[in-house]
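# Survey of secondary and tertiary structure
One letter stands for each residue in the lines below.
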Amino acid sequence: MSQSKLDIIRKKVREHQNDTRYEHTLGVMYTAAALAMRYNEDMDKALIAGLLHDCAKGYSSQMKLDLCREYQLPVSEAEEKNPGLLHAKLGAYLADKEYNITDEEILDAITWHTTGRPDMTLLDKIIYIADYIEPNRNQAPNLDNLRHLAFIDLDECLYQILEASLQYLLSRDEVIDPMTEKTYLYYKDVFQKETGKE
Ligand code: FE
Ligand code: FE
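These lines cover the structure that appears in this document, whether it is placed above or below. Within every chain, residues take consecutive numbers counted from 1 along the sequence as written. Whichever chain is written first is A, and whichever ligand is written first is 1; the rest continue in order. Local features are withheld for residues below a pLDDT of 70 in this predicted model, meaning they are given only at 70 or higher, and side-chain atom pairs are given and counted only at 80 or more; totals for whole chains, interfaces and linings count all residues. Side-chain measures were taken over the full set of non-hydrogen atoms in the model, leaving aside hydrogen atoms and water.

Turning our eyes to something else, we now look at the overall build of the protein. The helix count covers DSSP runs of H or I at least four residues long, the strand count covers runs of E at least two residues long, and both are numbered beginning at the N terminus. When you go through the protein residue by residue, the secondary structure sums to eleven helices and zero strands. Secondary structure of the protein in N-to-C order comes out as α-α-α-α-α-α-α-α-α-α-α. Taken along its principal axes, the extent of the C-alpha atoms in the protein is 45 × 40 × 30 Å. The rule is simple: take the accessible area with a 1.4 Å probe, protein chains only, and divide by the maximum for that residue type; under 20% is buried, over 50% is exposed, in between is partly exposed. A total of 198 residues make up the protein; the buried ones form 46% of that total. Every accessible area reported is derived by Shrake-Rupley at a probe size of 1.4 Å, with residue values counting cover from the shown protein chains alone. Entry remark: accessible area of the protein is about 10,300 Å², with carbon and sulfur atoms responsible for 49%. This count recognises Lys and Arg as positive and Asp and Glu as negative, with His and chain-terminal groups excluded. A charged residue contributes its charge at one atom only: NZ of Lys, CZ of Arg, CG of Asp or CD of Glu. Computed over 23 positive and 35 negative side-chain charges, the separation of the two mean positions in the protein equals 2 Å.

Looking now at the packing of aromatic side chains. Aromatic contacts are taken between Phe, Tyr and Trp rings whose centres are within 6.5 Å, Trp giving its six-membered ring; a plane angle under 30 degrees counts as stacked, one over 60 as edge-to-face, and the others as tilted. According to the stated counting rule, one finds four aromatic pairs in the structure shown. An angle of 20° between the planes, with centres 4.2 Å apart, marks the rings of Tyr71 and Tyr93 as stacked. You can see Tyr71 sitting in the loop between α4 (61–70) and α5 (77–81) and its partner Tyr93 sitting in helix α6 (residues 87–97), a full 22 residues away along the chain. Relative to Tyr187, the ring of Tyr186 has its centre 4.9 Å away and its plane inclined at 70°; by these criteria the two rings are edge-to-face. One aromatic cluster is present, formed by Tyr159, Tyr184 and Phe191 through successive ring pairs.

Before going further, it helps to spend a moment on the side chain of Arg117. Turning to its location among the elements, Arg117 is positioned in the loop between α7 (104–111) and α8 (122–133). What qualifies as a polar contact is a pair of N or O atoms within 3.5 Å, subject to a donor-acceptor requirement within protein and to the restriction that residues adjacent in sequence count only when both atoms come from side chains. A polar side-chain atom of Arg117 sits 2.8 Å from a polar atom in the side chain of Asp124. Dropping the residues within four chain positions of it, Arg117 is found in contact with Asp108, Trp112, Asp124, Met179, Thr183 and Tyr187. Contacts were defined at the residue level, with two residues in contact if any of their heavy atoms lie within 4.5 Å.

Coordination partners: N, O, S within 2.8 Å of the metal, 3.2 Å for Na, K and Ca; water not considered, so apparent gaps in a site are possible. Those protein atoms acting as donors to the iron ion (ligand 1) are Asp54 (OD), His87 (NE2) and His113 (NE2), and they sit at 2.1 Å. When the donors of the iron ion (ligand 1) are listed by position in the chain, the intervening gaps give D-x32-H-x25-H. Classification of Asp54 by relative accessible area gives buried; the value is 3%. With a relative accessible area of 5%, His87 lands in the buried category.

Written out as structure tokens, the structure reads:
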């Protein structure tokens, strides 16, 4: 990919995000690139997916619902209750329509970056994990270990993040997208089969 294409997308994203969100975006973009180097994923795909993963996050809840209706994107019960969840699939839609990204792997990684999904692609995992561990994050427990683990064992890192995320949502009584639970159970199974550990 030409540098200018990434630059063009980056400038446009910059115009739509406040400073904090843009710093997070760059953090995810470069963390995803580093993970792509480690796991032999296409670095350009990781950069673009990282850059665009939160491109729809800035809209209000009502606007997210309205846009999904306008673009005929399905809204689940969980998303109706917590429209924030919609920024993922809405982001993939905008990545396609507004940023001319047609690569399905990139669009999928954006779509699934919030909940994950069973049997994630390598790029899905990289974006999901980069979103959680990028250097500007400082709230989640155990971040130092997870950052280390991401470059040692991607699946174990993924499993640990899924478990922590689910526990966090449960503890705060937040609306849980059924896909988050499904993904967690899927990777719990994978992890137990691989390691024999609980
Ligand atoms: Fe997000
Ligand atoms: Fe994010």
